[in-house]
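Breakdown of the fold
Residues per chain, in single letters:
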Amino acid sequence: MLLWTRRVTQGLFLLLFLFLFLQTESKGADQLGYPAKLFLDFDPLLALATLLSGRTLVAGFAFSLILVAITALLGRVFCGWACPLGTLHNLVGAMKRWKGLQRVRGWFRAKYLLLIFLLSGSVVGIQLTGIFDPLSLLVRHLALGPYPALNYAVNGLMDTVYRTDQRTLTQVADGLFGLLKKTVLAFQQPHFTQGALLTALLVAILLLNLSERRFWCRYLCPLGAMLGLIGRWALLKREVAEGCNACGACDRECQGGLKTATWSATECLYCMACDDACPKKTVSFGFSRKPSSESLDLGRRKVLLAGGAGLASVAVSRATPAFDPNRANPGLIRPPGARPEPEFLARCVKCGECMKVCTTNALQPTLLEAGAEGIWSPILVPAKGYCEFKCTLCGQVCPTGAIRVLTPAEKAEWRIGTAMFDRGRCLPHAHATPCIVCEEVCPTPTKAIWFEEVVVKDRSGQDVKVKQPHVDLKLCIGCGICETKCPISDRPAVYVTSIGETRSKKNQLLLENPSGYGA
Amino acid sequence: MDRRDFLKHTAGTVGSLAAVNVLSPMLLAAPAARPDLAVVHGASPEKIVRAAVDALGGIRRFIAKGDVVVIKPNIGWDRRPEQAANTNPEVVGTLVKLCFEAGAGKVKVFDRPCNDPRRCYVQSGIEAAAKAAGAEVSHIDDRKFREVKIPKGVAIQSWPIYIDILEADKLINAPIAKHHGLGKLTLSLKNWMGVMGENRGRIHQRLDETLVDLATIIKPCLTVLDAVRILTAHGPQGGNLADVKRLDTIVAGTDQVAIDAYGATLFGLTGADLGYVKEGARRGLGVMDLGKLNIKKFEA
């Protein structure tokens, strides 16, 4: 009974998570219309890390206090009953038939040391927490790996059926395709760099469950560690009544890998499998104010080491060219509303929400472009997609305010970079051939791309009148649509680099900064 | 047959013959009196669209019962109706209603936008207006382009064209009149760029010829040019309300060259100023000399 109550609850939370994940997509309106980042808002680890590294309180994280309160009262019920990654771990773990006593490696302390490492890094402004936080991790890996793959598989299958040209078959398939498009598929096939790598990492984390059930939750999860610490004095406790004959049934079922004799609130996932498993019905959960007998000894040296490593990580990460303050990275085009780079890195938890929601698939995960600590943070790749002029969805779904929500007026003037022409490739500049696509698509009300009408000669010496495009540096916002839509599609004749970006004081070009730093 | 019957019969025959003799000149004259272009001015987009179509002979002249109709508006840009970058949604909605009034079986509305299609469909108001009128509004499905030969093509000899266009019984072109950096204006002929697949930006290298090439294979039965608001500068996407002029006008007809020639006059130009109009007239696709056209201009 308790088992199924838990399973149904887990299923509902997973479905809610997946539903919000699927709604993290434009419907064409200015507002997304769904609280896509809700699970992240509830995450006290992301809240604390952002508070420490970004030195800021983010309103959305107020929800995380609810989880803190619940955990303080009831222990790690989130892990056992609600965490979508935990539920996936359960599912994968259930794929193996477990016999006899389970093997427990007992590396419980590792996750606390990881937590100390991450948070001491946050203190000095490096934000690595999101890489390991289970909710951030799940959104990111699903969005960038398996979900695009799912789309690819379905689109490919439907394509194949469509090409058979069998009317009845294609009609049935198209009906199904239409339904899938309305429900689970993306509006357009998403493409992400590192998709295979991110999928592989998620699969690897899930496969750990075949070694030990909920391996991740027992040994690695920093959110689990944090909730364990908060729930250390929880009122809800496991109790063993008289009549227990130490048959070991509970030990075999324990998701947390605990032994009856050494139950601890910090390690218990509150899945209550022991309650169900006990043949004598002596194991149960109930409220008690009796202090827990456990002690959590991490070892002073290990704690110092983890903390020290966290503090040192910032230096290790930043002694690379990516952090040379005198040279901006031309390809490091951040989304509109992104904070200045150090502050952006201090906040961004690499959850991938912005990349998932980007209407043109322009936002891609970095590898080392932003330094090691910036891995999987978003950059705009105009060759892939451009920044839609009136779209502000990336800011709307950002849980930490690394990308802030821009008003329509702010968005219209926000520069993410500047476009320039490669005259050697441009048709009217180099090849006496008319073309105006860049100007046509330029979205600023007074177009940043303007024409100079010139007469040039073609090979035979004949005069050809062409309109040669130029960029008005004062008007260009660097949205990149000119680059995305340039008919020279392999290497466009116009391209955007980060210079002139609104968020940076240093990465400027014009004497008069038209967008005004910090606007 | 007795005498009375004979007389009756004869009278009937004579009477009917007389009736035919009286009526036939009217029947013959009716097409001649029908205008080539209807130019209607008025405050209500719905009213002027209806008046223009009625002046051309009514919607039943163009749409038959059971027809699958494609109405092709311009939904190219993420702009609102008052910015005049996309066809007026009320114009599109009225056309959908008219088709159903003529008994159309299905009315499809779509475009291949330049900006994000979802935003274009929503922000333009066209998706909502067309759906409310009963149309099937869909986004472009990339699988549904078919390579089509263009036997009379000068700049392009074949191009992938959207299959719904090829399979429709009737096409209605519903462009908006606006400024364009290369073609000077974009009117009805250029609107068909929205059904071209692949890297269509390349056609700007020979825009005038390509648009006419396209018109040799895509033949709308009716064209309704929306000049409720026109965009006079920074086209085709605009964004500045100062560039928008309210004309409250509809130009309708069956000859796209004639419509574009007339459309040019709304901007103080003539058909001869537009390369694709000249090219279309030269290749016999339509008439650009407004003097040779029967233009019915009225208020509604």
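Criteria and cut-off values
Residues numbered from 1 in each chain as written. Chains lettered and ligands numbered in written order. Predicted model: local features only at pLDDT ≥ 70, side-chain atom pairs only at ≥ 80, totals over all residues. Helix = DSSP H or I, 4+ residues; strand = E, 2+ residues; numbered from the N terminus. Buried ≥ 20, exposed ≤ 12 C-beta atoms within 10 Å, placed from the backbone. Contact = placed C-beta atoms within 7 Å. Core = buried A, V, L, I, M, F, W, Y, C linked by C-beta atoms within 7 Å. Domains from an automatic or database assignment. Axes fitted to C-alpha atoms, helices over the stretch in contact; angles between N-to-C directions. Parallel < 35°, antiparallel > 145°, perpendicular 65-115°, else oblique. Nonpolar A, V, L, I, M, F, W, Y, C, P; charged D, E, K, R; others polar. Expected span 1.5 Å × (residues − 1). Left-handed = near helix turned anticlockwise from the far one by under 90°. Pairing = 2+ DSSP bridges. pLDDT = per-residue confidence, 0-100.

So, about the overall build of chain B. Secondary structure summary: chain B contains ten helices and twelve strands in total. Expressed as a percentage of its 300 residues, the buried residues of chain B come to 52%.

Helix and strand content of chain A: 24 helices and eight strands. Buried positions account for 47% of the 519 residues belonging to chain A. In chain A, the proportion of contacts linking residues at least 24 apart, taken out of those at least 6 apart, comes to 76%.

The next point concerns the nonpolar core. By size, the foremost hydrophobic cluster in this structure holds 214 residues, and its most contacted members are A52(B), L95(B) and V224(B). The greatest single-element share of this core, amounting to eight residues, is contributed by helix α7 (residues 109–123) of chain A.

At the junction of the two partners, chain A supplies 30 residues and chain B supplies 22 residues. Looking at the side of chain A that touches chain B, the elements that each hand over two or more residues are α10 (146–164) and α23 (437–441) of chain A. Top element by residues in the side of chain A that touches chain B is α23(A). It accounts for four residues.

Moving on, we get to the domain arrangement of chain A. Here the domain parsing of chain A yields domain 1 (2–25 + 32–145 + 195–287), domain 2 (146–183) and domain 3 (321–497). Between domain 2 of chain A and domain 3 of chain A, the C-alpha centre-to-centre distance is 33 Å.

Another point: the environment of A246(A). Looking at the secondary structure, you find A246(A) in the loop between β1 (236–240) and α15 (249–253). Along the sequence, A246(A) and A261(A) sit 15 residues apart, while their C-alpha atoms lie 9.2 Å from each other.

Another point: unusual backbone geometry. Put simply, G235(B) and P236(B) share a cis peptide bond, and its omega is 0°. With respect to the secondary-structure elements, P236(B) resides in the loop between β10 (222–231) and β11 (244–253).

Its location among the elements puts G275(B) in helix α10 (residues 275–282). On a C-alpha basis, the gap between G275(B) and K149(B) in space is 23 Å, while along the polypeptide they are 126 residues apart.

Bringing the packing of α7(A) against helix α14 (residues 222–230) of chain A into the picture now. All names here are of chain A. Close contact between α7 and α14 brings their axes to 8 Å; oriented N to C, the two are set at 100°. Overall, the two elements α7 and α14 adopt an arrangement that is roughly perpendicular. In contact with K111, Y112, L114, L115 and L118 of α7, α14 contributes P222, G224, A225 and M226. Taken together, the residues of the contact of α7 with α14 break down into seven nonpolar, one polar and one charged.

Counted at 1.5 Å a residue, the expected span for helix α1 (residues 2–22) of chain A with its 21 residues is 30 Å, and the 30 Å between its end C-alpha atoms agrees. Looking at the packing, one finds that the buried side of α1(A) touches α2 (38–41), α5 (77–82) and α6 (84–93) of chain A.

Residues and elements named next belong to chain B. Contact pair helix α2 (residues 45–55) / helix α3 (residues 89–101): the axes reach a minimum separation of 9 Å and the direction vectors enclose 45°. By the criterion of interaxial angle, the relationship of α2 to α3 is oblique. In this structure, α2 meets α3 at a crossing whose hand is right-handed. Residue-level contacts link P45, E46, V49, R50 and V53 of α2 to E90, V91, T94, L95 and L98 of α3. Looking at the contact of α2 with α3, its residues break down into six nonpolar, one polar and three charged.

In this section: the pairing of strand β6 (residues 449–457) of chain A. All names here are of chain A. Pairing of β6 with strand β7 (residues 463–471), which is carried by nine bridges, proceeds in the antiparallel orientation. By the bridge assignment for β7, I449 is matched with V471. Taken together, β6 and the strand that follows it, β7, pair antiparallel across an intervening segment of five residues, in which G461 is found at a positive phi of about 85°.

On average, residues of chain B carry a pLDDT of 91, and 89% of them reach 70 or more. Overall, residues 10–31 of chain B carries pLDDT values under 50, and its contacts beyond four positions in sequence, including any with other chains, amount to zero contacts.

Attention shifts here to the environment of G284(B). Counting through the fold element by element, G284(B) comes out in the loop between α10 and β12 (295–299). Note: C-alpha distance between G284(B) and K184(B) (100 residues apart in sequence) is 22 Å.

It is worth spelling out the pairing of strand β7 (residues 170–174) of chain B at this point. All names here are of chain B. The buried fraction of β7 is high, at five of five residues. Going residue by residue along β7, you find K170, I172 and A174 tucked away on one face and L171 and N173 tucked away on the opposite face as well. Pairing of strand β2 (residues 68–73) with β7, which is carried by five bridges, proceeds in the parallel orientation. Counted as the bridge partner of V70 is L171 from β7. Inspection of the sheet shows β7 paired to β10 by two bridges, in the parallel sense. Across the sheet, residue N173 finds its bridge partner in β10, namely T223.

This next bit is on α2(B). Residues and elements named next belong to chain B. Most of α2 sits inside the fold, with eight of its eleven residues counted as buried. Packed against the buried residues of α2 are β1 (37–41), α3, β10, β11 and β12. Downstream of α2 by one or two residues, G57 has phi in the positive range, about 120°.

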